[in-house]
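So you can see what is in the structure, the chains are spelled out below.
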Amino acid sequence: MRCFAPFLIALSCLITPASAGQVFTAQPSAQQLQDAPVLLVDIRQPHEWVETGVLPNALLLPFDTPDTFLAALRPHLQPGQPVALICRTGSRTSRAARILAQEMDVPVIDVQGGMFGLMNAGYAPERPTRAQGCTLCQH
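Residues numbered from 1 in each chain as written. Predicted model: local features only at pLDDT ≥ 70, side-chain atom pairs only at ≥ 80, totals over all residues. Heavy atoms only, no water.

Student: What's the story with the pairing of strand β2 (residues 39-42) in this structure? I'm lost.
Tutor: Working note: regular strand, side chains alternate between the two faces of the sheet. Neither face of β2 is left uncovered, since the one carrying L39 and V41 and the one carrying L40 and D42 both have all their residues buried. Across four bridges, the pairing between β2 and strand β4 (residues 83-86) is parallel. Across the sheet, L39 pairs through a bridge with V83, a residue of β4. Note: β2 against strand β3 (residues 59-60), two bridges, orientation parallel. Each residue of the ladder has a partner; that of D42, found in β3, is L60. (Buried < 20%, exposed > 50% of the residue type's maximum accessible area, 1.4 Å probe, protein only. Helix = DSSP H or I, 4+ residues; strand = E, 2+ residues; numbered from the N terminus. Pairing = 2+ DSSP bridges.)

Student: For this particular structure, what's the right way to read the sheet that holds strand β1 (residues 23-26)?
Tutor: Backbone-to-backbone hydrogen bonds join strands into a sheet, with any given pair of strands oriented parallel or antiparallel. The strand order across the open sheet built from five strands is β1-β5-β4-β2-β3, with neighbouring strands paired in parallel fashion. Bordering the open sheet on either side are β1 and β3, each of which pairs with just one other strand. Pairing of β1 with strand β5 (residues 108-111) involves four bridges; the strand directions are parallel. Of the residues in β5, the one forming a bridge with V23 is V108. On top of the sheet, helix α4 (residues 66-73) reaches β2, β3 and β4; it is set at about 140° to β2, its chief contact. Contacts from helix α5 (residues 91-101) reach β1, β4 and β5, with the element oriented near 175° to β5. (Contact = heavy atoms within 4.5 Å. Axes fitted to C-alpha atoms, helices over the stretch in contact; angles between N-to-C directions.)

Student: It is not clear to me how the nonpolar core should be interpreted in this structure. Could you clarify?
Tutor: Soluble globular proteins tend to pack their nonpolar side chains together in the buried interior. One finds L33, L40, L55, I86 and L118 to be the most contacted residues of the largest nonpolar core, which totals 20 residues. Of all the elements in the fold, those that place two or more residues in this core are α2 (30-35), β4, β5 and α6 (114-120). With residues near it in sequence (within four places) discarded, L118 still touches P28, S29, A30, L33, L55, I86 and Y123. V41, L59, V106 and V108 belong to the second-largest nonpolar core, a separate cluster that totals 19 residues. (Core = buried A, V, L, I, M, F, W, Y, C linked by side-chain atoms within 4.5 Å.)

Nothing here speaks to function; it is all geometry.
Here it is as structure tokens:
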């Protein structure tokens, strides 16, 4: 079992105004991502959410272009709330986090390893829902 405290300590440091607009990388567990006071955004494409599954607290919002992504993301943000990005393996979030950090006034967290990393650690993803933003889902 991964230690929960270091991630929470690191996360509390991220919420300071000095870290707004910066990119941080982390490899938290699925439970830590569900418990953390971040806006967790799964940036994969809809067919990937259906194929692989998602975290139950993730906002499902594909990263197609920075402008359209930011426009769709902003209504979901709370003031000062860090954004954590997750994809399949972590490569898309690495690129997206660097781009978004330049445009946002909150910390951006790149979840290394993505959903495959969480699944390799034993996490069983849940089915995505329309309420989360899944455009292919029936429920």
